[in-house]
Amino acid sequence: MKITNVRTLRMGAPANDWNWLFVRIETDAGIHGIGEGSLQYKDAALKNEIKEFGRWLVGQDPFQTEYLWNAMHRQVTWTGGPVTMSAISAIDLALHDIKGKALGVPVYELLGGKVRCQVPVYANGWFHGASSSQEYTDRAKYVVDEGYKALKFYPFGGSQVATPERIDRGAALVETVREAVGSHVEIAIDVRAQLDMGGAIRAAQRLEPFDIAWLEEPVGFDNVGSLCEMARAVRVPIATGEQLYTRWEFRALLEENAVRIVQPDICHAGGISELKKIASAAETYYVTVAPHNSNGPISTVASLHLDASIPNCLMQEVFVAFLPLYNEMLTEPIVIEDGYASLPEGPGWGTDLNEELIEAYPPHSYAPVRPWEPYYH
Ligand SMILES: [Mg+2]
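These figures come from a predicted structure and were not determined experimentally.

About the thresholds
- Residues numbered from 1 in each chain as written.
- Predicted model: local features only at pLDDT ≥ 70, side-chain atom pairs only at ≥ 80, totals over all residues.
- Helix = DSSP H or I, 4+ residues; strand = E, 2+ residues; numbered from the N terminus.
- Buried ≥ 20, exposed ≤ 12 C-beta atoms within 10 Å, placed from the backbone.
- Contact = placed C-beta atoms within 7 Å.
- Domains from an automatic or database assignment.
- Nonpolar A, V, L, I, M, F, W, Y, C, P; charged D, E, K, R; others polar.
- Axes fitted to C-alpha atoms, helices over the stretch in contact; angles between N-to-C directions.
- Parallel < 35°, antiparallel > 145°, perpendicular 65-115°, else oblique.
- Left-handed = near helix turned anticlockwise from the far one by under 90°.
- Pairing = 2+ DSSP bridges.
- Expected span 1.5 Å × (residues − 1).
- Core = buried A, V, L, I, M, F, W, Y, C linked by C-beta atoms within 7 Å.

Right, let's get into the overall build of the protein. When helices and strands are tallied, the protein shows 12 helices and 13 strands. Dimensions of the protein, computed from C-alpha atoms along their principal axes, come out at roughly 60 × 45 × 40 Å. Within the protein, the fraction of its 377 residues that count as buried is 49%. Counting contacts in the protein only where the partners sit at least 6 residues apart, residues at least 24 apart contribute 73% of the total.

On to the domain arrangement of the protein, then. Under the domain assignment used here, the protein contains domain 1 (3–106) and domain 2 (109–349). Relative placement of domain 1 and domain 2: their C-alpha centres are 25 Å apart. Taken together, the contact pairs 31 residues of domain 1 with 27 residues of domain 2. Taken together, the elements giving at least two residues each to the side of domain 1 that touches domain 2 come down to β2 (19–27), β3 (32–36), α2 (65–74) and α3 (82–103). Of the residues forming the side of domain 1 that touches domain 2, the biggest block, 13 residues, is contributed by α3. Taken together, the residues of the side of domain 1 that touches domain 2 break down into 14 nonpolar, 11 polar and six charged.

All right, on to the environment of His73 then. In this fold, His73 is placed in helix α2. Put simply, His73 and Thr84 are 11 residues apart on the chain and 8.0 Å apart in space, counted from C-alpha to C-alpha. Aside from chain neighbours lying at most four places away, what touches His73 is Thr79 and Ile88.

This part is about the packing of helix α6 (residues 164–181) against helix α7 (residues 197–207). Direction vectors running N to C along α6 and α7 enclose 30°, while the axes themselves pass 10 Å from each other. Compared by their axis directions, α6 and α7 come out roughly parallel. α7 is crossed by α6, and the crossing has right-handed handedness. For the pair α6 and α7, the contacting residues are Ile167, Gly170, Ala171 and Val174 in the first and Gly199, Arg202, Ala203, Arg206 and Leu207 in the second. In the contact of α6 with α7, the residues fall into five nonpolar, two polar and two charged.

Moving on, we come to the sheet that holds strand β1 (residues 3–12). Strand order in this open sheet of three strands is β1-β2-β3, and the pairing throughout is antiparallel. Each edge of the sheet is formed by a strand with only one pairing partner; in this case those strands are β1 and β3. Taking each pair of neighbouring strands and ignoring which way they run, the sheet shows an average axis angle of 20°. Sheet strands touched by helix α1 (residues 43–57): β1 and β2. Its angle to β1, the strand with the most contacts, is close to 170°.

Our next topic: the environment of Met72. Checked against the element boundaries, Met72 lands in helix α2. Put simply, Met72 and Ile91 are 19 residues apart on the chain and 9.9 Å apart in space, counted from C-alpha to C-alpha. Once residues within four sequence positions are removed from consideration, Met72 is found in contact with Phe53, Ile88 and Ile91.

Turning next to helix α11 (residues 297–309). Think of an α-helix as 3.6 residues a turn; residues three or four steps apart then line up on the same face. With 13 residues, α11 extends 19 Å between its outermost C-alpha atoms, agreeing within 8% with the 18 Å of an ideal straight helix rising 1.5 Å per residue. Within α11, 13 of the 13 residues are buried, which leaves it mostly tucked inside the rest of the structure.

On to the nonpolar core. For soluble globular proteins, nonpolar side chains are generally found buried alongside one another. Counting residues in each nonpolar core, the largest one holds 115 residues, and the members touching the most others are Ile91, Leu151 and Val259. No other element matches the 10 residues that α3 contributes to this core. Per-domain counts for this core show at least three residues from each of domain 1 (3–106) and domain 2 (109–349). The contact partners of Leu151, leaving out residues within four places of it in the chain, are Tyr122, Ala123, Trp126, Ala140, Val143, Val185 and Ile187.

Pasting the structure below:
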C-alpha cells in the first residue's frame, strides 16, 4: 500500500475561538485515515508543516509508522517544537487509522489490545458561564448527576502574582464545590502554569484538606527542579505534561519523581505511537497517565484507543460542552455513561469524520499573538 495524498481540513470550534485541524491521508488501496493536530492560534503554520511532510509522505508505505515517525522527527537538525510535533502527531494518528482499517481491527488492537473494557473520564468545561460559587456548585451537581465521577476546574484564574485575596477566593471555591459533590467525586485543580512558586505552594497548602485528585501545572512545565521543590513542599499530587513533547521531554520529570501524573496530549506530544511509549516510561516510575485533551473529536477518540491499551491510564479528559459537536462530526458517536467512555469498536478509529459537515463551521481568523498582561491579579 502507498500513500497517495495528504491534505488538511479545518473548521471553527464554536465553543471557543480557535480551530480544529484534521489531516486526511489517502492511499492507493482506497483506504483513508484521519488524524488531528489542532494547535489553537498556530494552525496556519501547522497546515503548512503538514503540507511539507505530505510532499515526502506520498509514495511511502503507511504501515511503517515507526519509520515514518522517526524520519519526520529526525530529518532536520532542529527537531521538535509545537508545530512540527503537532504535524507528526496528526500524521501518526491518521496512519494508525489506515492500518486499523486495512487490517479490519480497532486501533487499540494495534497497541497490544485492550486492558480495560471502559475508560474512566473526567469532565472539564462543565462550568462555562459560571462566576458565582452558587453557579459553580449548581453546575458541579449537574455534571455529577449526569454520572461523572471526576471533574476539573480553574479556581485560581489570573496571572503570575498571587495575592492573599486571590488564594482565599480560589480555595473557598474548591471547598464549596467539594461540599456540593461529596467525598466520592474526584476534583482536579488546574493552575495552567499561571502562578509563581510562592503562590503555587500557598495555594496547594490551602487545598490539602479537600483531598484533590491532583494540582495541575502549579508552576511552569519547563523547570523540573522547581516542580520537584513544589512536589516536596506540599501534600497534594502534582500533574503536568500537556505542553511537553516526546518521551525525551518526559524523562527528567520521571527520573526526578517530580509528578505523580503525566498528561501528554495525543495531538502534540507525538501521536499515539509516542504516547504509548511515554505511558510505558511512566509505568516504570509508578506514575499514572491522564491524557490531556482540549481539542476536537479525533483527539478524543484516539485518546480513548490509547487509554484502552495502557495499564496506567488514570482518567481521560473530556470537555463535556464539546460532546454534542463531537458526535455531530463523527459517523459513530462517543458514548459516555456513568463516568466511563465505551471503547470505540470497528476498524481504525471505529468512527469517521462527517467531512461534508465541516463547511458549516468556517474557520475563525485571528491574530497570532493574544493580549497578555503578566502582572494582573
Ligand atoms: Mg491543563
